[in-house]
Every structure is written in structure tokens, then in C-alpha cells.
Amino acid sequence: MELRVLRYFLLAAREENITKAAELLHITQPALSRQLMQLEQELNTKLFHRGQHSITLTDDGMPLKRRVQELVDLADKAEREFVRMPIQKRWGVLTQADSALAQQEYTVPEDLVDTPLLIAKRIQVQDTLRSWFGPQFESLKITGTYNLIYNAAAMV
């Protein structure tokens, strides 16, 4: 059971609509439905009554929602209070093999300023990129966004 999936469960329960919850999470509706069904399988219980345009929690789903909210609140509190360890993240640029970028050992923001870019749709990723690019972020040639890296790779 992943915290991410539990957050999905909470949002779906709050919105009472899988499509709306998926939009807020910036994932596809089928992906969210699949995650929720896997959670139900993992817990061996039905969590939602599924209607034509809405969902409601089952009798098993209601107490789970309270417990999951407690877990998420605790995880958020721990994240705010724990000492941050220096983490070095490594990002990549997906490009065609014959691109000059493909020959470089590493990429700096200046390398991408005049390049048409596809970036992740997730706000957290965009915020990280905004931080890395600094003031140059506003002048990027962002031609589109994607939810799944596989889709971005196909477009490249």
C-alpha cells in the first residue's frame, strides 16, 4: 500500500467523482480507476459504490477514509518536521540520438532555452524545473506537456 495511492483514495472520496479526481491529480481517469481497484484488491474489500456519474464510499470505505486521513496528516507532518538530507537528484533530457544534446555529458539550463520542450504536466515537476531554470523558465519554448513518460518518448 503506497502513500500516493492512499492520497488518490482520499481525493476520489472527497470529489465523489473519479474523472474530477483524476483531473486534479493530473493523471488519466483509467489510471486512477486502476489504482483504486488495485487498492480494493489489496484490502480485499469494496471501497466505493460506483454510479454512472459519481462514487460514494461503502461501509468499509468510510472508516478507511478516516484512518487514511490520519496517516496522510502524519506523513505530511513528518515531512515538514524531519531534517532534510542532502539528496542529489539526477534528471535527464530525452532527445533524438542525432541531437547535439545527446552528445553532451550533462545539460545546463542554457542548453535548453531555445529548444522546443515537452515537460511533465505534474505541478511538482514543473515547480522543480522552474527552480532549476530560474528566471529563464518563463522564456522556455514549452510546446506541450505529458502525463506519462512513454507518451513523451513517442513524441520525441
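Refer to the structure presented above.
Residues numbered from 1 in each chain as written. Predicted model: local features only at pLDDT ≥ 70, side-chain atom pairs only at ≥ 80, totals over all residues. Heavy atoms only, no water.

Asker: Explain the layout of surface pockets here, please?
Answerer: Rolled over the atoms, a probe as big as a water molecule pinpoints where empty space is left. A volume near 1300 Å³ is recorded for the largest pocket. What lines the largest pocket is a set of 38 residues, among which Trp91, Gly92, Val93, Leu94 and Leu112 lie closest to the centre. Sorting the residues of the lining of the largest pocket by element identifies strand E3 (116-120), helix H6 (123-133), strand E4 (141-146) and helix H7 (149-155) as the ones contributing at least two each. Taken together, the residues of the lining of the largest pocket sort by class into 22 nonpolar, eleven polar and five charged. Approximately 610 Å³ is the volume attributed to the second largest pocket. What lines the second largest pocket is a set of 17 residues, and nearest its centre among them are Arg4, Tyr8, Leu25, Arg122 and Gln124. Only helix H1 (3-15), helix H2 (18-25), helix H3 (29-43) and H6 provide two or more residues apiece to the lining of the second largest pocket. Each residue belonging to the lining of the second largest pocket can be placed in one class, and the counts come to seven nonpolar, five polar and five charged. (1 Å grid on protein atoms, 1.4 Å probe; cavity = no way out; pocket = protein on both sides within 12 Å on 5 of 7 lines; lining within 4 Å. Points joined across faces, edges and corners; volume = space filled by probe spheres on them. Helix = DSSP H or I, 4+ residues; strand = E, 2+ residues; numbered from the N terminus. Nonpolar A, V, L, I, M, F, W, Y, C, P; charged D, E, K, R; others polar.)

Asker: Even after reading the chapter, I still don't get the pattern of salt bridges, so can you show me in this structure?
Answerer: It is possible for side chains of opposite charge to pair when their charged atoms get near one another. Overall, the coordinates contain seven salt bridges when judged by the stated rule. Linking Glu2 and Arg4 is a salt bridge whose minimum nitrogen-to-oxygen distance equals 3.0 Å. Two residues, Arg130 and Glu138, come together in a salt bridge whose shortest N-O distance is 3.8 Å. The exposure class of Arg130 is partly exposed, given its relative accessible area of 35%. Note on Glu138: relative accessible area 64%, which makes it exposed. When salt bridges that share partners are traced, they join Asp127, Arg130 and Glu138 into one network. (Salt bridge = Lys/Arg side-chain N within 4 Å of Asp/Glu carboxyl O. Buried < 20%, exposed > 50% of the residue type's maximum accessible area, 1.4 Å probe, protein only.)

Asker: Please clarify how the packing of H1 against H2 should be interpreted in this entry.
Answerer: When two helices pack together, their arrangement is given by the angle between the helix axes and by the axis-to-axis distance. Two elements in contact, H1 and H2, have axes whose closest approach is 8 Å; the angle formed by their N-to-C orientations is 130°. Comparing the axis directions of H1 and H2 gives the class oblique. Between H1 and H2 lies a crossing of right-handed hand. Contacts from Tyr8, Leu11, Ala12, Arg14 and Glu15 in H1 reach Lys20, Ala21, Leu24 and Leu25 in H2. Here the contact of H1 with H2 is composed, by residue class, of six nonpolar, no polar and three charged. (Axes fitted to C-alpha atoms, helices over the stretch in contact; angles between N-to-C directions. Parallel < 35°, antiparallel > 145°, perpendicular 65-115°, else oblique. Left-handed = near helix turned anticlockwise from the far one by under 90°. Contact = heavy atoms within 4.5 Å.)

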